[in-house]
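If you want the building blocks of each chain, they are given just below.
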Amino acid sequence: MSYLDKEYRQRKAYFYKIIDSKTLENELRKDETTIEKELRFEKRFAKLIGTKYSILFGSGNHALETGLASLGLEKKDEVLVQAFTCKQVPKIINQKSTAKLVDIDENYNIDLKKAAKTCGKNTRALQAIYSYGKAINSKELDAFCKKKNLLLIEDCAHSLGARNGKNAGSFGEFSIFSLRKNVPVGTGGVLCINNKALYETCLDARNKFSRNSSVVKKIIEMKLSFYKKYFSSIDFPYLLWSKLGYGGDAVNKERLDKFEISLALASIEQLPKIIEQTRKNALLLKKELGEDKFVFTRDDKKEFNVCTRVPIYFKEPNASIEKIWFELQEEGFETGLFYTSDFKKTARASKDKFSFSKRASEHMVPVGVQGLKKEQIIELATKIKSFSK
């Protein structure tokens, strides 16, 4: 049995419990076209974030690609972005501009002090990734970008619902979200924006792409009872994406179909409940682990961390971090957004040392706690402790 199958089994009925509700059934039965449903989602999402507009994409990466293209950057123009991130991010930036890598801070977000030293005459923008659900203070970030005359791109792929001052995703030139990393939806990304001209440019670009032609489109033609049976075996939001066949490095550019948008709408309505339980699980895991052998990020009193992942920093791991990551997966625990291998490739291609990023790549594993029961959190903590000296 593969680790994916174990994860499905261990989180039995999580997806079914959260999403298979009257909300989803009502969404599926609404008498509206796919475009009408899409527009309703976009209005709902923009209101949730606090922006004038939002656009639904096939993936967060496609939203990022489209948003960057709308800024009119040239190849010589630099975009500051943290070195410790998914390999797709600098790859997308480098399509039309140049990614300028910066080390991270203790929160696994871009270090603004080091970013200040990295700025040059060609630096035009900063992409602020809010790692693992923890946003950067909006006042500090906004002040930094204004002082350096930089366009701000808010990368909220991990951080739907987070805030640190202002709502994450509400105040940059544009912001992007990845639905599958935050809620039980297998696909989808969103671009949020306040500038009408940029919104229209991005909307025109999005509309050139067709609807999803995957297995989900076929499922929509079947009975609701079959939906329940099918989705009752898929328990975890990040895994649903893989189950539906969107894996790999290619950017998913197919627009969501009617069924997928219904799932997205139902998930957004359940978001407060999902976040509340996830935050409780994160606190319980940290309590079970203690701070003698582990280091955790710390939140300010006014900060709202949605804990999409809990980054576990081992002071003294007794095995390589790759081995720890792999064995946690083998036990059925979710360890997505693990960037060690991506960072090592990045570091080899750069002259910079990225000291904190390097330490994170050797000592930290992000773990997902969404949907876990108390006994599963204790089991996870026990397994994590077994990897510490």
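Residues numbered from 1 in each chain as written. Predicted model: local features only at pLDDT ≥ 70, side-chain atom pairs only at ≥ 80, totals over all residues. Heavy atoms only, no water.

1. Observations concerning the overall build of the protein
Piece 1. Secondary structure assignment for the protein yields 18 helices and 12 strands.
Piece 2. Counting only residues that meet the buried cut, the protein has 57% of its 389 residues in that class.
Piece 3. For the protein, long-range pairs separated by at least 24 residues make up 74% of all intrachain contacts whose partners lie at least 6 apart in sequence.
Piece 4. For the protein, the exposed surface amounts to about 17,300 Å²; the carbon and sulfur share of it is 50%. (Helix = DSSP H or I, 4+ residues; strand = E, 2+ residues; numbered from the N terminus. Buried < 20%, exposed > 50% of the residue type's maximum accessible area, 1.4 Å probe, protein only. Contact = heavy atoms within 4.5 Å. Areas by Shrake-Rupley, 256 points an atom, 1.4 Å probe, with all protein chains shown as cover.)

2. Observations concerning the pattern of salt bridges
Piece 1. Tallied over the entire structure, the rule returns 22 salt bridges.
Piece 2. We note a salt bridge from D299 to K134, for which the minimum N-O separation is 2.7 Å. Highlighted residues: D299 in the loop between β10 (294-295) and β11 (310-314) and K134 in the loop between β4 (123-129) and α8 (138-148), separated in sequence by 165 residues.
Piece 3. In this structure D299 comes out as partly exposed when scored by relative accessible area, which is 36%. (Salt bridge = Lys/Arg side-chain N within 4 Å of Asp/Glu carboxyl O.)

3. A few points about helix α16 (residues 340-348)
Two residues of an α-helix separated by three or four positions point the same way, owing to the 3.6 residues in each turn.
Piece 1. Residues T340, D342, F343 and T346 constitute the buried set of α16. Buried residues in α16, looked at end-on, bunch into an arc of 155°, giving them a common side. (Arc of directions from axis to C-beta.)

4. Quick notes on the sheet that holds strand β5 (residues 151-155)
Piece 1. Ordered in space as β1-β9-β8-β5-β4-β2-β3, the seven strands form an open sheet in which the pairing is mixed. Single-partner strands in this sheet number two, and they are β1 (53-57) and β3 (98-102). Within the sheet, the average angular offset between the axes of one strand and its neighbour, ignoring direction, is 20°.
Piece 2. Here β1 runs beside strand β9 (residues 189-193); their pairing, made up of five bridges, is antiparallel. Across the sheet, residue L56 finds its bridge partner in β9, namely V190. (Pairing = 2+ DSSP bridges. Axes fitted to C-alpha atoms, helices over the stretch in contact; angles between N-to-C directions.)

5. Some remarks on the environment of N318
Piece 1. As for its placement among the helices and strands, N318 is situated in the loop between β11 and α15 (321-330).
Piece 2. Residues contacting N318, with those up to four places away along its chain left out, are S386, F387, S388 and K389.
Piece 3. Polar side-chain contacts of N318 include one of 2.9 Å to the backbone oxygen of S386. (Polar contact = N/O pair within 3.5 Å; in protein donor to acceptor, adjacent residues only side chain to side chain.)

6. Here's the deal with the sheet that holds β10
Piece 1. Strand order in the open sheet formed by three strands is β10-β11-β12, with antiparallel pairing between adjacent strands. Each end of this open sheet is capped by a strand with a single partner; those strands are β10 and β12 (364-367).
Piece 2. With four bridges joining them, β11 and β12 adopt antiparallel strand pairing. Bridging across to β12, V310 finds its partner in V367.
Piece 3. Strands β10, β11 and β12 of the sheet are contacted by helix α14 (residues 271-289), whose axis makes an angle of about 15° with β11.

7. A few points about the environment of G172
Piece 1. Along the polypeptide, G172 turns up in the loop between β7 (166-167) and β8 (174-178).
Piece 2. It is 8.5 Å that separates the C-alpha atoms of G172 and N194, two residues lying 22 residues apart in sequence.
Piece 3. Here G172 is in contact with L152 and E154, once residues within four sequence places are set aside.

8. Quick word on the side chain of R206
Piece 1. Mapped onto the fold, R206 is located in helix α9 (residues 196-206).
Piece 2. Setting aside residues no more than four positions away along its own chain, R206 makes contact with E38, E42, I55, L56, F57 and R255.

9. Concerning the side chain of D77
Piece 1. Within the secondary structure, D77 is located in the loop between α5 (60-70) and β2 (78-82).
Piece 2. Given a relative accessible area of 5%, D77 falls into the buried group.
Piece 3. Polar contacts involving the side chain of D77 include one to the side chain of K76, which spans 3.5 Å.
Piece 4. Ignoring any residue separated from it by four or fewer positions in sequence, one finds D77 in contact with S97, T98, N122 and R124.

10. As for the confidence of the model for the protein
Piece 1. Mean pLDDT for the protein: 86, with 85% of residues reaching 70 or above.
Piece 2. Between residues 1-16, whose pLDDT stays under 50, and residues either more than four places distant or in other chains, the model counts 52 contacts.
Piece 3. Note that residues 214-247 has pLDDT below 50 and, in this model, 81 contacts with residues that lie over four places away or in other chains. (pLDDT = per-residue confidence, 0-100.)

11. Details of the packing of aromatic side chains
Piece 1. By the definition in use, this model includes 10 aromatic pairs.
Piece 2. An aromatic cluster is defined as three or more aromatic residues linked by ring pairs; in this entry it consists of F84, Y339, F343 and F354.
Piece 3. Against the face of F304 rests R163, its NZ or CZ located 4.6 Å from the ring centre. (Phe/Tyr/Trp six-rings, centres within 6.5 Å; stacked < 30°, edge-to-face > 60°. Lys NZ or Arg CZ within 6 Å of the ring centre and 35° of its normal.)

12. Observations concerning the packing of helix α4 (residues 34-49) against helix α13 (residues 258-269)
Piece 1. For the pair α4 and α13, interaxial distance at closest approach is 10 Å and the crossing angle is 25°. In terms of axis orientation, α4 runs roughly parallel to α13. Between α4 and α13 lies a crossing of left-handed hand. Contact residues: α4 offers T34, K37, E38, R40, F41, R44, F45 and L48, while α13 offers K258, I261, S262, A264, L265, I268 and E269. (Parallel < 35°, antiparallel > 145°, perpendicular 65-115°, else oblique. Left-handed = near helix turned anticlockwise from the far one by under 90°.)

13. Re the environment of L48
Piece 1. Looking at the secondary structure, you find L48 in helix α4.
Piece 2. Setting aside residues up to four positions removed in sequence, L48 forms contacts with L160, N167, I268 and L271.

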